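Notes for the structure review
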Amino acid sequence: MRSRIIYSLVLFALIFNPFVGTAQHSELAEDGLTLQEEIKLDIRHHLQDGHDYHLFTDESTGSHYGFPLPVILVDEGVHFFMSSAFHHDEEVAESNGKFYAVYHNKIYRTDAEGTLSFDADHHPTNVKPLDLSITKNVFHIMVIGLLMIVLFGRAANNYKNDLVPRGAAKFVEPIVLFVRDEIARPNIGEKSYRKYMGFLLTVFFFIWIVNLFGLTPLGVNINNSVAVTFALALITFLITNLSGTKTYWLHILDPLGKSMPWYGKLGIYPLLVPIEILGIFIKPFALMIRLYANITAGHIVMMSLLGLIFIFKSWIGSPLSFGLAFFIGILELLVAALQAYIFTMLSALYFGSAAAEPHHDH
Amino acid sequence: MEKLISEFSVGLFVWQTVLFLALLFLLRRYAWKPMLIAVNRREKSIEEALEQADIARREMKKLKQSNDELLQQARDERDSLMKEARETKNEIIAEAKRKAQEEATKILASARDEIKHEKVKAIEELKNQVADFSFEIAERILSEKLTDADKQKNSVVTALNEINFN
């Protein structure tokens, strides 16, 4: 019964999709771009961060819908103004006697007319102030952070008077226990897993919830920014190496240990030790790239398939690509949890090697 | 790689790091810690309860065993008491029998004595009576005429018949 309702809803949406209508009108957009180029630009724009929270644009009237976000610049003093001053990245904003313009989502210092000078590679040569704006992504981090605090705070509150999980705790507890029993305990070890639990749980839920938000129609997935995944991986890197035991460092600097006499090591260590040291950095780097690439790729595939609907514009091709996008969407739902699991799992693995106990066979 | 670096936004990185660390700190303090402690406590209490149940079960078993032992002991005691009672009973019966026998023998002996005594007395009386009868018969014979042998014999028989041996 329920599946029939969903089916008819999907059909309804396909037949009366307003976007199909608008797409037909703007086959050749005002700036002379073909539909394919426009979709490509749309996808790129979608994956990018923005200084205001742009929801959608009405092509026929040219008006944008969304709300402005604060811009914070550090440029010989702190500049603070709302992103509405840029008028959707089209005008020059003035703050404390300095002028700023947005070019490809980055803020540059300009003169009052907003002239940008370019070098040979077509990169602007203008001064780039340190941009600490509350961008769309930062706004999302804040929203998700608040959501997590409310959700998990409520869940934890439940245990104050009652050891039986109720309400939010009923949902959170199985996942917390999963992280503890399937990720932390087997990879780190019974002895020292406790001190890593806070990070593992936070990072797991953070990545997961961020990914799920990315699958909503808002489509903002902050994990497709390298800066975000870099920050996460950097924390894993720091925790791993700052909590490294003597055994951990011994494994890196003397990987073969007592299994080889010193004169044998002389030949192989000039190769082995640099590899081990490089490994310290490669592991979190792989974490960063894996998360970034998976999420970005998923979004590009999904949006391209959605874009195909407007290119086919036929009663066969469009539903087909919609079905494909739907399928990829389901897959992305899985990937959302999977990537959170992999990141947490590998972090736990690295913590496990950092917290290694001495005297075990290698 | 170049695209990655050009895409890298310092501001986003700073915000992500700061916000994530704040989130980590807050959740650790106010969510994960109480949650994990509570879960741990619950697990421990369940473990303890199970252990307690196990102990109780074992205690019950022990109690039952000791009960059984007690019961067995009681049964044994009862059996031995019964046995003793039976023995006593037998003894008493045997004793009674022996006494009865003795009494009977005594009674019999005394009866025999009495009989003997009575017999002697009876014989004595008989002797006296026989003597009396003999005298009577002799008297009759002497008083009648002693003619023929048959008559004599008849008179003797008649005389004898007349005599009442009571």
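Residues numbered from 1 in each chain as written. Chains lettered and ligands numbered in written order. Predicted model: local features only at pLDDT ≥ 70, side-chain atom pairs only at ≥ 80, totals over all residues. Heavy atoms only, no water.

1. Some details on the confidence of the model for chain B
Mean pLDDT over chain B stands at 87; residues scoring 70 or higher make up 95%. Ranking the elements of chain B by mean pLDDT puts helix α1 (residues 2-7) of chain B last, at 74, and helix α2 (residues 10-143) of chain B first, at 91. (pLDDT = per-residue confidence, 0-100. Helix = DSSP H or I, 4+ residues; strand = E, 2+ residues; numbered from the N terminus.)

2. Thoughts on the nonpolar core
Ranked by internal contacts, the top residues of the largest apolar core, which has 72 residues, are Met148, Phe152, Ile188, Leu200, Phe205 and Phe206 of chain A together with Trp32 of chain B. Going through the elements one at a time, α4 (136-157), α5 (168-188), α6 (197-214), α7 (226-242), α9 (262-312) and α10 (317-354) of chain A together with α2 of chain B are the ones with two or more residues in this core. Looking at this core element by element, the count peaks at 13 residues for α2 of chain B. Formed by 8 residues, the second largest nonpolar core is a distinct cluster that contains Leu73, Phe81, Ala93 and Ile107 of chain A. (Core = buried A, V, L, I, M, F, W, Y, C linked by side-chain atoms within 4.5 Å. Buried < 20%, exposed > 50% of the residue type's maximum accessible area, 1.4 Å probe, protein only.)

3. What about a nonpolar patch on the surface?
Taken together, the side chains of Val74, Val78 and Leu130 of chain A together with Val10, Val14 and Val18 of chain B make up a nonpolar region of the molecular surface, amounting to roughly 440 Å² of accessible area. Among the elements that make up the nonpolar patch, the one with the highest residue count is α2 of chain B (3 residues). Here Val78 of chain A lies in strand β4 (residues 78-82). (Patch = residues over 30% accessible without salt bridge, like charges linked within 9 Å, V, L, I, M, F, W, Y side chains within 5 Å. Areas by Shrake-Rupley, 256 points an atom, 1.4 Å probe, with all protein chains shown as cover. Salt bridge = Lys/Arg side-chain N within 4 Å of Asp/Glu carboxyl O.)

4. So, the interface of chain A and chain B
How big an interface is tends to be reported as the loss of accessible area on association of its parts. The interface is formed by 50 residues belonging to chain A together with 34 residues belonging to chain B. Per-residue buried area on chain A facing chain B is highest for Leu163, Thr202 and Ala227 of chain A; these three make up 15% of the total on that side. Our count for the chain A to chain B interface comes out at 2 salt bridges. A salt bridge links Glu173 of chain A to Arg42 of chain B, with the shortest nitrogen-to-oxygen separation between them at 2.7 Å. Between the two partners, chain A and chain B, sit 5 residue pairs in polar contact (both at pLDDT 80 or more). Elements represented by at least two residues in the side of chain A that touches chain B include exactly β8 (130-131), α4, α5, α6, α7 and α9 of chain A. Among the elements that take part in the side of chain A that touches chain B, α4 of chain A stands out by supplying 11 residues, more than any other. Partitioned by chemical class, the residues of the side of chain A that touches chain B number 36 nonpolar, 7 polar and 7 charged. (Contact = heavy atoms within 4.5 Å. Buried area = accessible area lost by both parts, 1.4 Å probe. Polar contact = N/O pair within 3.5 Å; in protein donor to acceptor, adjacent residues only side chain to side chain. Nonpolar A, V, L, I, M, F, W, Y, C, P; charged D, E, K, R; others polar.)

5. Description of the pairing of strand β7 (residues 106-110) of chain A
Along any regular strand, the residues point their side chains to alternate faces of the sheet. In this sheet, β7 of chain A lies alongside strand β6 (residues 98-103) of chain A in antiparallel orientation, the contact comprising 5 bridges. Among the inter-strand pairings, Phe99 of chain A is bridged to a residue of β7 of chain A, identified as Thr110 of chain A. (Pairing = 2+ DSSP bridges.)

6. What to know about the packing of α5 of chain A against α10 of chain A
Residue and element names in this part refer to chain A. Packing of α5 against α10 leaves a shortest axis separation of 7 Å and a crossing angle of 35°. Considering how the two elements wind past one another, α5 and α10 form a crossing that is right-handed. Two secondary-structure elements touch here, α5 through Phe178, Val179, Ile183, Asn187 and Ile188 and α10 through Tyr341, Thr344, Met345, Ala348, Leu349, Phe351 and Gly352. For the contact of α5 with α10, the per-class residue count stands at 9 nonpolar, 3 polar and no charged. (Axes fitted to C-alpha atoms, helices over the stretch in contact; angles between N-to-C directions. Left-handed = near helix turned anticlockwise from the far one by under 90°.)

7. Overview of the sheet that holds strand β3 (residues 70-74) of chain A
All names here are of chain A. Strand order in this open sheet of 3 strands is β4-β3-β8, and the pairing throughout is antiparallel. Of all strands in the sheet, those with a lone pairing partner are β4 and β8, marking the two edges. Pairing of β3 with β4, which is carried by 5 bridges, proceeds in the antiparallel orientation. Paired with Leu73 across the two strands is His79, which belongs to β4.

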